[in-house]
Amino acid sequence: MCAAITGIIAAGSPVAFGTPSVYAADTNTSANAVIVWDRNAQTAIWDVAGQQPQVQARSFAMVHGAVYDAVNAIAGRRYQPYLLAPPTNGRESVNAAVGTAAFQVLSSLFPSQQARLQTQYDEWLGTIPHGIAKQRGISVGSQTAAAMISARQNDGAFGDPTWPVGTEPGQWRPTPPTNANDGAWVGNLKPFIIPSASMFRSSGPPALTSDQYARDFNEVKAIGAANSTTRTVDQTQAAIWWHDRHLGEWEIKRQLATTQRLNTLQTARMFAMVDLAEADATTACYNEKGAWMFWRPVTAIQLADTDGNPATVADPDWLPLLVTPPHPDFTSGHTCFTAASMSALAYFFGRDDIPFSAYSEASGTTRYFGSFSHAIAEVIEARIWGGIHTRTADIEGAKIGAQVTAYMIDNYFRPRL
């Protein structure tokens, strides 16, 4: 994955740092509106709605795609718009535009939160001086929100499709303790940026009788067990940290926007690039899961006497450290997601070696990273340490995430010449 990061950075980062703010209408406020409304989005998406990561990805992408289009339009269309660039004169209130775009998208996603969101939005608008700049900013944000909401109508989200349940060796089936079956719709979701959810199809998991399968099996069996004697305390904490449904990636985005002193346009572009890449990497990963329907480690280990591989030994009582998610093993959703986000960040900043950190309530720890590739490398290991994915599923997932970002770099958010 370091090679993938290197290749993405080599593509060049067309972000211009140190450019002055062009938002005269908002010079009386110091808060970065994109960061503020990202926190507000998190409140709606996770704190209140409790959406799981594969669902969160779509919601955040919708919010930040609309926010980016609004800010980019007011800034003079410096970059390719995602969906549209409403006509502007550059004197519109960017704070009004950001708040309006985010509020209207969130309201469409969470109608049951309408009253709370309206109060939040009204309080935000109350900090912006009345006048034509404010009204024009509201108009710009309304237009980009409407475009996003329209674009995502009937996109395949939600519904009740389920994963097929297999009975043969290697085939996925629900896993203890929940025995749940959920998220099959994600693999057929209309992508935000890539032409097809299946365009980065892998060659699939290793054959059950192969040496590679046995290596993957025995590694996760030893280190991923709930009662593993080889997993270290730090590895256990890392597994739990990466499994937290309150994703560290949210804090990382906001932290980097602050420490790297991004202006509002830079922040809007960075958040949109990261969130849209994450969303499509998740969809591509789930499409991959549906194509291969490969069993999870807990099933593989408990039923190893059926796999035909002499190098594997069944343990009917084996359980993983973490609760196995309710969908197939191959490929890993979290490595797809993280590789997409970290490679997008590496491209945006034009370098890999920017330090960052994030705290997890689930593990009660803060993890520190010296680079974006460091985070990708750790999540690959962490899913094995947690006992919920094999190494091949993790590595192939990370490849898909990087491929989605590479496609995005070639086709979206580019500077206008």
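Note that the structure is a prediction, hence the values are computed from the model and not measured.

Peer 1: Would you take a moment to explain the overall build of the chain for this structure?
Peer 2: Counting its secondary structure elements, the chain contains 14 helices and two strands. Here the C-alpha radius of gyration of the chain, 22 Å, is about what a compact globule of 417 residues would show, namely 22 Å. When the backbone C-alpha atoms are referred to their principal axes, the chain occupies close to 75 × 40 × 40 Å. For the chain, the residues scored as buried account for 58% of the 417 residues in total. Counting contacts in the chain only where the partners sit at least 6 residues apart, residues at least 24 apart contribute 80% of the total. For the chain, the accessible area works out to roughly 15,600 Å², and carbon and sulfur atoms hold 53% of it. Here the chain contributes 29 positively and 35 negatively charged side chains, and the mean placements of these two sets differ by 9 Å.

Peer 1: Would you explain the nonpolar core in this entry?
Peer 2: Across soluble globular proteins, nonpolar side chains show a tendency to be buried alongside one another. Counting residues in each nonpolar core, the largest one holds 126 residues, and the members touching the most others are Val 67, Phe 192, Leu 256, Met 270, Leu 345, Phe 349 and Phe 372. In terms of residue count, the dominant contributor to this core is helix α10 (residues 264-292) (14 residues).

Peer 1: Is there a simple way to explain the layout of surface pockets in this structure?
Peer 2: Summary: where empty space remains is shown by rolling a probe the size of a single water molecule over the atoms. Counted as a void, the largest pocket has a volume near 270 Å³. Going through the elements one at a time, α3 (53-74), α10 and α12 (333-349) are the ones with two or more residues in the lining of the largest pocket. Its residues assigned to classes, the lining of the largest pocket shows six nonpolar, seven polar and five charged.

Peer 1: Explain the pattern of salt bridges here, please?
Peer 2: Between side chains of opposite charge, a pair can form when the charged atoms approach closely. What the rule picks out here adds up to 12 salt bridges. With its nearest N and O atoms 2.6 Å apart, the salt bridge here joins Glu 219 to Arg 391. A residue pair is termed long-range when its members are at least 10 positions apart, and Glu 219 in helix α7 (residues 211-223) and Arg 391 in helix α14 (residues 391-411) qualify at 172 residues. Judged by its relative accessible area of 26%, Glu 219 falls in the partly exposed class. Residue class for Arg 391 comes out partly exposed when judged on its relative accessible area of 21%. Residues Asp 234 and Arg 367 are paired through a salt bridge, measuring 3.2 Å at the closest nitrogen-oxygen approach. Taken together, the residues span a long stretch of sequence, with Asp 234 in helix α8 (residues 233-243) and Arg 367 in strand β2 (residues 365-369) at a distance of 133 residues. Within this structure, Asp 38, Lys 253, Arg 254 and Asp 275 form a network of salt bridges that share partners.

Peer 1: Is there a simple way to explain the packing of aromatic side chains in this structure?
Peer 2: Aromatic rings considered in pairs are described by the distance between their centres and by the relative angle of their planes. Under the criterion given, the structure shown has 19 aromatic pairs. On the numbers, 4.8 Å between centres and 75 degrees between planes, the contact of Trp 241 with Trp 242 is edge-to-face. According to the relative accessible area criterion, Trp 242 is buried, its value standing at 1%. Counting every residue linked through ring pairs, the aromatic cluster contains Trp 241, Trp 242, Phe 348, Phe 349, Phe 356, Phe 369 and Phe 372. When the ring centre of Tyr 79 is taken as reference, the NZ or CZ atom of Arg 269 above it lies at 4.2 Å. Over the ring of Tyr 286 we find Lys 289; its NZ or CZ atom is 5.5 Å from the centre of that ring.

Peer 1: Help me out: how do you make sense of empty space enclosed by the protein in this one?
Peer 2: The full count for this structure, using the stated rule, is four cavities of 30 Å³ or more. Taken as a whole, the largest cavity spans an internal volume of roughly 70 Å³. Forming the boundary of the largest cavity are Gln 56, Ala 57, Phe 60, Leu 247, Glu 249, Trp 250, Lys 253, Val 274, Asp 275, Glu 278 and Phe 337. Among the secondary structure elements, those contributing two or more residues to the lining of the largest cavity are α3, α9 (248-259) and α10.

Peer 1: So what exactly am I meant to see when it comes to the side chain of Thr 324 here?
Peer 2: As for its placement among the helices and strands, Thr 324 is situated in the loop between α11 (297-302) and α12. With sequence-adjacent residues up to four places away left out, Thr 324 is seen in contact with Thr 175, Arg 296, Val 298 and Ile 388.

Peer 1: I tried to follow the pairing of strand β1 (residues 356-360) on my own but got confused; where do I start?
Peer 2: The buried count for β1 comes to four of five residues, which makes it a mostly enclosed element. Two elements, β1 and β2, share five bridges in a ladder whose sense is antiparallel. Looking across to β2, one finds that Ser 360 is bridged to Thr 365. In textbook terms, the turn of a hairpin is the stretch between consecutive antiparallel strands, and for β1 and β2 this stretch comprises four residues, one of which, Gly 364, has a positive phi near 70 degrees.

Peer 1: I would appreciate a short explanation of the packing of helix α2 (residues 33-48) against α9 in the present structure.
Peer 2: Between two packed helices, both the angle of their axes relative to each other and the distance between the axes serve to describe the pair. Running from N to C, α2 and α9 point in directions that differ by 175 degrees, and their axes come no closer than 11 Å. When the interaxial angle is binned, α2 and α9 end up roughly antiparallel. Across the interface between the two elements, Ile 35, Asp 38, Arg 39, Gln 42 and Trp 46 of α2 pack against Trp 250, Lys 253, Arg 254, Ala 257 and Thr 258 of α9. Class assignment of the residues belonging to the contact of α2 with α9 gives a composition of four nonpolar, two polar and four charged.

Peer 1: Looking at this model, I keep getting lost on the environment of Met 148. Mind explaining?
Peer 2: Residue position: Met 148 is located in helix α6 (residues 132-151). Given the relative accessible area of 0%, Met 148 is considered buried. When neighbours within four sequence positions are excluded, Met 148 is seen to be in contact with Ala 61, Met 62, Gly 65, Ala 66, Tyr 82, Leu 83 and Phe 192.

Peer 1: How should I be thinking about α7 in this particular structure?
Peer 2: Each α-helix winds once per 3.6 residues, and so residues spaced three or four apart point in a common direction. In this model α7 runs 18 Å from its N-terminal to its C-terminal C-alpha over 13 residues, within 8% of the 18 Å that 1.5 Å per residue would give. Among the residues making up α7, those that are buried are Tyr 213, Ala 214, Asp 216, Phe 217, Val 220 and Ile 223. On its buried face, α7 sits against α8, α11, α13 (372-385) and α14.

Peer 1: Please clarify how the side chain of Asn 287 should be interpreted in this entry.
Peer 2: Relative to the helices and strands, Asn 287 is located in helix α10. With near-sequence residues (within four places) excluded, Asn 287 lies in contact with Gly 187, Asn 188, Ala 197, Ser 198 and Arg 201.

Here is what the cut-offs are and how they apply
- Residues numbered from 1 in each chain as written.
- Predicted model: local features only at pLDDT ≥ 70, side-chain atom pairs only at ≥ 80, totals over all residues.
- Heavy atoms only, no water.
- Helix = DSSP H or I, 4+ residues; strand = E, 2+ residues; numbered from the N terminus.
- Rg over C-alpha atoms; globule rule 2.2 N^0.38 Å.
- Buried < 20%, exposed > 50% of the residue type's maximum accessible area, 1.4 Å probe, protein only.
- Contact = heavy atoms within 4.5 Å.
- Areas by Shrake-Rupley, 256 points an atom, 1.4 Å probe, with all protein chains shown as cover.
- Lys, Arg positive; Asp, Glu negative; His and termini not counted.
- Charge placed at Lys NZ, Arg CZ, Asp CG, Glu CD.
- Core = buried A, V, L, I, M, F, W, Y, C linked by side-chain atoms within 4.5 Å.
- 1 Å grid on protein atoms, 1.4 Å probe; cavity = no way out; pocket = protein on both sides within 12 Å on 5 of 7 lines; lining within 4 Å.
- Points joined across faces, edges and corners; volume = space filled by probe spheres on them.
- Nonpolar A, V, L, I, M, F, W, Y, C, P; charged D, E, K, R; others polar.
- Salt bridge = Lys/Arg side-chain N within 4 Å of Asp/Glu carboxyl O.
- Phe/Tyr/Trp six-rings, centres within 6.5 Å; stacked < 30°, edge-to-face > 60°.
- Lys NZ or Arg CZ within 6 Å of the ring centre and 35° of its normal.
- Pairing = 2+ DSSP bridges.
- Axes fitted to C-alpha atoms, helices over the stretch in contact; angles between N-to-C directions.
- Parallel < 35°, antiparallel > 145°, perpendicular 65-115°, else oblique.
- Expected span 1.5 Å × (residues − 1).

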